[in-house]
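Chain by chain, the residues:
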Amino acid sequence: MDDKTRSNETAKSEALDAHTENPDGSHLTTNHGVKVSHTDDSLKAGPRGPTLMEDFHFREKMTHFDHERIPERVVHARGSGAHGYFQPYESMEQFTRAGFLSDPSKKTPVFVRFSTVVGFRGSADTVRDVRGFATKFYTDEGIFDLVGNNMPVFFIQDGIKFPDLVHAIKPEPDNEMPQASAAHDTFWDFISLMPESAHMIMWVLSDRALPRSYRMMDGFGVHTFRWINAEGKARFIKWHWRSTLGNAALVWDETQKTAGKDPDFNRRDLWENIEMGNYPEYELCVQMIEEDQEHDFDFDILDPTKIWPESEVPLKKVGKMVLNRNPQNFFSETEQVAFHPGHVVPGIDFTNDPLLQGRLFSYIDTQLNRFGGANFNEVPINRPLADVHNNQRDGFMRQTINRGKVSYFPNSLGGGCPMTAGADAGGFEHYMEKVDGRKVRDRSEKFRDFFSQANMFWHSLADHEQDRLVSAAHFELGKVMTMEVRERMVYEFFNRIDHDLAVRVAKGIAVEPPEKDESTKSRYRAPEVSVEHESRKDTVATRKVAILADQGYDHKRLEKVKEKLMEGGASAEVVSMFLGTLKSTDGKEMEADKSHVTSASVMYDAVLVAGGKEAVRAMKSQGDAVGFVNETFRHAKTVGAIDHGVELVEEGEAKGAKYASADSDGVVADKGLVTVGQGGDIDEFADEFVKALARYRHWDRDPERKMVPA
Ligand code: HDD
């Protein structure tokens, strides 16, 4: 690593570390540096007397506390952040003059904030929602913010509808219910009158709205942007982040239980994995369309409710982002970070996408409200690494001490500085797109094709993905009390997307089946939209296994399986009735990481039942242990059992899959249930268990989907 790269990588962390908190031997002080002798009692007129006004320490401490909150974001209030770097694979110079995309040896520091959209700051992570995926690049040429989501399209086509959308989806204003959920009347009332949301609604009802982990989730810039090279040639582009672990989703029943068992599930997963060194990685990709091909497609390329199917416009890999450092202070970094789609660097520019245009106004405006002033760019997490020189001055909480008397341009007293920079000197010059039109409140004709990509989405899913989408619609609309809204959703919305879909949705929400409608048929199929077809990956890396064990477990065979799991990069936690040390049949010991009351099957990707006659006898008498296996099985996750451990599986309802009996000498792997009898080869078992774990969900376990709660 050369000095320049190193200094860039560390510069941001050094800038954030400038203040050392409470070094060894430090004394408690007031905010103004006066050492404090006592902080347990306020100053009183006698031990039983009133508190005195002159107690400046008490008043300062209390006043600061009273002002600890800033307004939470109106959307994306709940977020989790991480630091890292971005590095291009090869120079993109041919397409863009952006410096951070031109030098493959260069690492650019980044800060990413993942978020849910609807819930308040303290809401649960695993709700059905879009996830924000916002990246701040601290480039040498200034800040570039890629403020995206984990879905490639949006609900509306024009920013002017955003306040309506958000009012409709947020808790209802009279009683502030429900929290962090779209499943209520006002949201579906609005949607039923907004056919342009059809494609996005399909994404929101799909597995993509329930990510297993922020590490296993793609990101999208959604809008069409421009790349411009040094010669001034522009191309249309769309941004994509592809998780190297592939996409993985929770099932609905799991998300509901997780919201209670561990409302910080996604935040904790991100934090713990970074602490463990499992650094999340995402490949930055772009789709590119030449300017003269702008009108060659069935859809308008400026429409943010449409994707560019990859069969038409392939992905080009640009580089990789690695998130390798947790924030040190949630408020200072994750809460105070201020993104803005208008933070671009030379080589990147906007298009006339009307949603993007709306956003270009909203983000700075919202920061003014959150920070109470215009100097939020001086907060450490928002400060660029590039130098800042301008004549902006003063305002609430100004940090910079601007020297000298010249704060205007042009000037001669300051030698004409700071002076402007043309493109040759690295200055940002807006792309000179020709614009010519009447002032109208209107949209282009192709924007009005609301349903064909929703139809494409539906037909690009696997059967079991379609089933879960229909179940999601039953939940969401089943919570809608107004019959006309449910009917409108079936007749005017789903039926226009696909008749079969509408009939299936109608059935679950007491709506009469709609008349046949074949008005929409997309000629596109986009396997990339389906988690099952394209974006999942068979890997055990970072998957988390629960080992169920008790006193008298069999150590030796369990260790062999654990070794195999660790080799593949998985992790394991021992779950038992009680916390404490478990003793094995051969005198070995192992600590129980979690007890049944502090854990649940929904926190793990698979369960492995250890062998040992005594241990299994104990577990069979524990409802929690039996329930743990059952639930893992019903959520279509991998279940493994060693020797007598098979009896715990037998005890439960893991039906529909074959298994080896406890005293057999075989290994049986069937539909994600992997078992080995006492005489069976443990290495073979370990291989099969790892294979099943890599597959993650086993939908073939229950083809009629009777057992797996969607
Ligand atoms: Fe937005 C926050 C993403 C449409 C107005 N938005 C916000 C965040 C993300 C997105 C990731 C959280 C940033 C953070 O972590 O601090 N928003 C999107 C995407 C959109 C989108 C991908 C459509 C493609 N947003 C959108 C529109 C508007 C806004 C159309 C208004 C016209 N969004 C905001 C905001 C927020 C915000 C109100 C709230 C907090 C903030 O900006 O910093 O300005």
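The rules behind each value
Residues numbered from 1 in each chain as written. Predicted model: local features only at pLDDT ≥ 70, side-chain atom pairs only at ≥ 80, totals over all residues. Heavy atoms only, no water. 1 Å grid on protein atoms, 1.4 Å probe; cavity = no way out; pocket = protein on both sides within 12 Å on 5 of 7 lines; lining within 4 Å. Points joined across faces, edges and corners; volume = space filled by probe spheres on them. Helix = DSSP H or I, 4+ residues; strand = E, 2+ residues; numbered from the N terminus. Nonpolar A, V, L, I, M, F, W, Y, C, P; charged D, E, K, R; others polar. Salt bridge = Lys/Arg side-chain N within 4 Å of Asp/Glu carboxyl O. Buried < 20%, exposed > 50% of the residue type's maximum accessible area, 1.4 Å probe, protein only. Domains from an automatic or database assignment. Contact = heavy atoms within 4.5 Å. Buried area = accessible area lost by both parts, 1.4 Å probe. Polar contact = N/O pair within 3.5 Å; in protein donor to acceptor, adjacent residues only side chain to side chain. Near = heavy atom within 4 Å.

The next subject is empty space enclosed by the protein. Within this structure, the stated rule accounts for five cavities of 30 Å³ or more. Surrounding the largest cavity, 19 residues form its lining, A249, V531, R536, Y696 and R697 being those nearest its centre. Of all the elements in the fold, those that place two or more residues in the lining of the largest cavity are α11 (463-478) and α14 (531-535). The biggest single contributor to the lining of the largest cavity is α11, with three residues. Residue composition of the lining of the largest cavity, by class: eight nonpolar, two polar and nine charged. Size it by volume and the second largest cavity reaches roughly 100 Å³. Contributing to the lining of the second largest cavity are 14 residues, with P152, F220, R242, E310 and E528 lying nearest its centre. When its residues are assigned to classes, the lining of the second largest cavity shows six nonpolar, three polar and five charged.

Glancing now at the pattern of salt bridges. Opposite charge on two side chains allows them to pair when their charged atoms are near. Counted under the stated rule, the structure contains 48 salt bridges. For the salt bridge of R488 with D189, the shortest nitrogen-to-oxygen distance reads 2.9 Å. One end of the pair, R488, is in helix α12 (residues 483-497); the other, D189, is in helix α4 (residues 185-192), with 299 residues separating them in the sequence. Overall, the relative accessible area of 24% leaves R488 in the partly exposed class. Put simply, R235 and E290 hold a salt bridge, and the shortest N to O gap is 3.0 Å.

Structurally, H167 can be placed in helix α3 (residues 162-169). On the accessibility criterion, H167 (61% relative accessible area) is exposed. Sequence separation between H167 and F685 is 518 residues; the distance between their C-alpha atoms is 53 Å.

Time to look at the domain arrangement of the chain. Its domain assignment divides the chain into domain 1 (51-372), domain 2 (450-529) and domain 3 (544-705). For domain 1 versus domain 2, the distance between C-alpha centres works out to 27 Å. Opposite the 35 residues of domain 1 that make contact, domain 2 presents 32 residues. For the domain 1 and domain 2 pair, buried surface summed over both sides reaches about 3000 Å², with 64% attributable to carbon and sulfur atoms. Summed over the shared surface of domain 1 and domain 2, the number is 13 residue pairs in polar contact (both at pLDDT 80 or more). If you list the elements that add at least two residues to the side of domain 1 that touches domain 2, you get α4 and α5 (198-205). Per-element tally for the side of domain 1 that touches domain 2: the top contributor is α5, with six residues.

Attention shifts here to the site of the ligand. Around the ligand, a shell composed of 24 residues is seen, among which R73, R113, S362, Y363 and Q367 lie nearest. Within the contact set of the ligand, an oxygen atom lies 2.7 Å away from a side-chain nitrogen or oxygen of R73. In the environment of the ligand, a nitrogen atom lies 2.6 Å from a nitrogen or oxygen atom belonging to the side chain of Y363. Looking at the shell around the ligand, the elements with two or more residues in it are β3 (131-139), β4 (142-149) and α9 (354-371).

This part is about helix α10 (residues 452-459). Summarising burial for α10: seven of the eight residues are buried, a large majority. Those residues of α10 that sit buried are S452, Q453, A454, N455, M456, F457 and W458. The inward-facing, buried residues of α10 contact α5, α11, α12 and α13 (499-508).

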